[in-house]
Amino acid sequence: MQVEFAGFPYLSAILLSCLAGLLLILFIPREKQQQIKRVSAIFSGITLLLAVYLFFAYDKSRGGLQFVEKLEWIPYLGIHYFNAADGFNLPNLLLTGIVFFTGVLTMWEMQVRVKEFFALYFLLVTGVYGLFMSMDLFFIFVWYDVSLIPMYLLIAVWGTTRKEYAAMKLTLYLLAGSALILPAVLYLVVNSGLNTFDIVALMQPGTFTPFQQKFAFILLYLGFGILAGVWPFHTWSPVGHVAAPHAVSMVHAGVLMKIGAFGVLRVAIFLCPQGWQHWAQLMALLAAVGIIYGALVGLRQTDLKYVIGYSSVSHMGIVGLGLSTLTVDGLNGAVLQMFAHGVMTALFFSSVGYIYDRTHTKAIAELGGLSRVMPVASAYFIVAALASMGVPGLANFWAELLVLISAFRVYPVRGIVAIIALVFSALFMLRVVQQTFYGPHNEKYAALPDVTLGLGMPRMILAAILVLFGLYPSLMLDMIETASIPFIDGLPR
Amino acid sequence: MNWMLISPELYYLIAAFWFLFASMIGSPNPRRDYFTALSLAAVGVMVCLAAVNLEGTLFYRAYRIDLFAQVFKVMLSAGLFLIICICTELKGIKERYQREFYLLLFVCTLAMLLLVSSVHLLNIYLSLELSSYSLYILVALRKERNIGVEAGIKYFLIGIFASALMLFGIAMLYGTTRVSNVEDLIGILPGLTGNPAVIIGLLLTLSGFFFKLAVFPFHFWAPDVYQGASNQVTAYIATASKVAAIGILLRLIALTGDGSIYLVHVLVILSIISMTMGNLAAIVEQDLKRLLAYSTIAHAGYVLIGILSMNDAGYTGALFYALSLLIMKFAAFLVVVQVASDGGNLRIEQLAGLHRRSPVLALTLMISAFSLAGIPPTIGFTGKFLVFAAAMQRGYFTLVLIAMINVVISLYYYLLVIRAAYLLEPREELPNLQISSAMKSLSVAMVCLMVVGGIFPYYLIELARAAVRVLM
């Protein structure tokens, strides 16, 4: 068997720590809840540290694929266990680590069926990590489904509003996405004549005819796009976000939707660049509609989590718009937006989670004046809201700026539409902030304690990251450029 | 003549005779009979394993022992062993018939061993009938006589109809080609695939196996028989009997070489209707065994995708699929048998609270449901992936797309089953299920098999490839 490992397999180590954590949780008796949470925190922390290490150890001057791990899995079908890191997936791996770790901390107070929850949560994140690092189509598909399946139980068992409906809808929608992905993947692999699922081998120019690229691209785009919340296939997402327990909403909106966008980038765009060029107009159109639709629907919502859910649709539209511009800046902005939006939504859901655990309501009308009762907890939410509005100084600003500038150059009309939509988006965020945290406060909640330092930890980390990359975006952009510039330069003209 | 070649068959013949004599003398002793059957079946697996590398032909070339047949024999004997494992309490069958029950199981397995090695059309027909007749009686042995006998008669009527068609098909094949040995047909058939009589003859011949596999339009018996037969018998029909049908179908279809366009068209249509109809009908089912029956019909459709691809990848996929069906269907029935401890049928809502009553069984049910739906990383996914990849090699893009849409539909009802086990709470408080540690380890072993078969299928795929190579 052909084995190729460049040094210590850090990427596999991430997966193995997830699995080790999962197994360890399974062997702890269910009564020892505190111990289960501690083990979860330790193992998710290890994966975060590994992701941070990879992020900084990546040699930006060299670029390309690094930390390559490759071994033959099923030689007869050309399937490899092939992991690598590049400028596109490192921000996402880092994001997964951050959201995973802070998600565990957010669930620190949970009491019901703790063991099963964390076991499934670890399984979910294993799938997410695996997908981001894999460079083999077969494994990408496998990881995609591995990350979907725990979702059903996570939402249906531990969720809140209309949880069974939401869980079923989400699972079937996303599996419908995979029903488009698998035929498209097989179509590409068979037509390449190379008998391999290795993305690097398949993405050589000239492997596929323009027709094959166009055909496969649209299937892959729709398949992964469902998960990325592309309008009009987004309807599972707000429902799912609202119903899911907090940490799952965090992973879900923060990371899972990025899997969709990342799949479009890694599979559809990498393998079918000509298909990408062909369908870019449609992508931009759907993205622009999604941006404005999410903002407008968000305006009318009365449930705090629904507001965030629709703002996710809108923000993922920005990722889609960035991907559709066919420019370096657009790609940079899209990937940065994946990261920034992930951290921001995680912060949103984490804050709402804290508030909901105290007040047991997510209805905006019932809350009110919370900033006087719990100023710190409110502050975290407001930071996220500011990030969502694209206020300078936070990471989202740079991402949206890059995407909008490049979109405006390529598609002026859709660019303007998106910019107008952002105004609405700011409007609805401000309305929510004003109604929830200012104004007359509800006496019922007057005695609630503010968040303590320990419990506020996850939100503190998330807010700090938003500020860090807001003040110092080149840390991230330099990384993404190592992948996006060579890729755009290599495109067929 | 080398008797060693047919040692597995001889062994099962002796085992069947043992139960025949035992049923005539002495009084029934369920516990002793169970352990006898279990040890006989366990030794049977070893005999089949020991015989795996044998090769040769017997009985004037009517009977052939090759790797393909031997691999199927191992699967069949393992299937019998697994089924007997869950026969600890045969609540669904009258005590005085229990030794006949084992007798018929062994006879049926013997018939299937003969079936997968037969290369003469009459030989195939005889073995098929022997296994079918054993099953007709097994179904009718149910304790609640009404539903058992009704199911048995339904099974019997549709069965003889299918076998009449099959005989007619054999006659047509013989009439047009003047040979009845499958090995001789290999030389002649590929040249004759344009001849309508040959194609119709072949299709009619295949209909006997379509009946076994519950492919549309021979699927009508499945839900009623699954519901009417006792849980163990249903498990046997759903696992071993399907494996044997896939085996012989592979051997016969491989005869046509590259295949005729007519044959492929017919198979594509049957496959699409089978999977779509099976999946749609399963959605509304409330009885778990009926649901599994419809899911079997759908699985028959997926297997046909591998078979109709008519390349070695497709045959490999179909063989692997047979193995995965054996494992995951058995895991599902293991749960059915354990939860329905009174031997009755199991409604989906009776699964409520299973995650508390028995976490191990709930986990087994969940993994087997995901595996049946074809979600990675389970063995069911690997099977589907292999057949879909094979179909794509032949350019059947639409077929694969339809099959994938079917996977999504099927996930809906599998999720309903999982929901019942994990989310619903029983109306009145039910005691925890008392599961013996042997059954617990069996469940865990099944879960491991399903997951490992999904993550490391390398050796199994290589074995399947080696086995189908003798067909080409």
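What you are looking at is a predicted structure, and each value in this text was computed from that prediction instead of being measured.

Novice: Looking at this model, I keep getting lost on the overall build of chain B. Mind explaining?
Specialist: Counting secondary structure elements, chain B contains 20 helices and two strands. Taking 2.2 N^0.38 as the reference for a compact globule, 472 residues should give roughly 23 Å; the C-alpha atoms of chain B span a radius of gyration of 21 Å, in line with that estimate. Reported as C-alpha extents along the three principal axes, the dimensions of chain B are approximately 65 × 55 × 40 Å. Taken over 472 residues, chain B has a buried fraction of 59%. Sequence separation of 24 or more characterises 83% of the internal contacts of chain B that already satisfy a separation of 6 or more.

Novice: Would you explain the interface of chain B and chain A in this entry?
Specialist: A common measure of how large an interface is: the accessible area buried when the components associate. Taken together, the 25 residues of chain B in the interface contact 24 residues of chain A. If you list the elements that add at least two residues to the side of chain B that touches chain A, you get α17 (379-393), α18 (397-422) and α20 (458-469) of chain B. At twelve residues, the largest contribution of residues to the side of chain B that touches chain A is made by α18 of chain B. Split into classes, the residues belonging to the side of chain B that touches chain A amount to 22 nonpolar, one polar and two charged.

Novice: Mind showing me how you'd approach the environment of G223 of chain A here?
Specialist: Residue and element names in this part refer to chain A. With respect to the element layout, G223 can be found in helix α8 (residues 210-227). Classification of G223 as buried rests on a count of 29 C-beta atoms within 10 Å. Measuring from C-alpha to C-alpha, the distance between G223 and G177 comes to 3.9 Å, with 46 residues separating the pair along the chain. Contacts of G223, omitting those with residues within four sequence positions, involve G177, S178, L180, I181 and A184.

Novice: What am I meant to see in the pairing of strand β2 (residues 66-74) of chain A here?
Specialist: Two faces belong to every sheet, and in a regular strand the side chains alternate between them. Residue and element names in this part refer to chain A. Summarising the sheet, β2 and strand β3 (residues 79-85) pair through six bridges and their orientation is antiparallel. Note on β3: the bridge partner recorded for Q66 is A85. The loop that links β2 with its antiparallel partner β3 comprises four residues; one of these, G78, has a positive phi angle of about 70 degrees.

Novice: Explain the packing of helix α6 (residues 145-177) of chain B against helix α9 (residues 221-228) of chain B here, please?
Specialist: Packed helices, taken two at a time, are described by their axes: the angle between them and the distance between them. Residue and element names in this part refer to chain B. Two elements in contact, α6 and α9, have axes separated by 8 Å at closest approach and are oriented at 150 degrees. Relative to α9, the element α6 lies roughly antiparallel. When you trace α6 past α9, the crossing you get is left-handed. For the pair α6 and α9, the contacting residues are I147, G148, E150, A151, K154, Y155 and I158 in the first and W221, D224, V225, Q227 and G228 in the second.

Here is what the cut-offs are and how they apply
Counting starts from 1 at the beginning of each chain's written sequence and moves along it residue by residue. Just so you know, chain letters begin at A and ligand numbers begin at 1, following the order they were written in. The predicted nature of this model means local features are confined to residues of pLDDT at least 70 and side-chain atom pairs, given and counted, to a pLDDT of 80 or more, with totals for whole chains, interfaces and linings taken over all residues. Secondary structure counts use DSSP, requiring at least four H or I residues in a row for a helix and at least two E residues in a row for a strand, with both numbered from the N terminus. What the globule rule says is 2.2 Å times the number of residues to the power 0.38, and the radius of gyration is computed from C-alpha atoms. Put simply, a residue is buried when 20 or more other C-beta atoms lie within 10 Å of its own C-beta and exposed when 12 or fewer do; between those, it is partly exposed, and each C-beta is set from the backbone. With C-beta atoms placed from the backbone, a contact is any residue pair whose C-beta atoms sit within 7 Å. Three residue categories are used. Nonpolar comprises Ala, Val, Leu, Ile, Met, Phe, Trp, Tyr, Cys and Pro, charged comprises Asp, Glu, Lys and Arg, and polar comprises the others, including Gly. The pairing criterion for strands is at least two bridges between them, as found by DSSP. Whenever a helix is involved, its axis is fitted only over the stretch in contact; in every case the axis is a line through C-alpha atoms, and angles between N-to-C directions fall within 0 to 180 degrees. Note on angle classes: values under 35 degrees are labelled roughly parallel, values over 145 roughly antiparallel, values of 65 to 115 roughly perpendicular, and the remainder oblique. Throughout, a crossing is termed right-handed when the near helix is turned clockwise from the far one, and left-handed when it is turned anticlockwise from it by less than a right angle.

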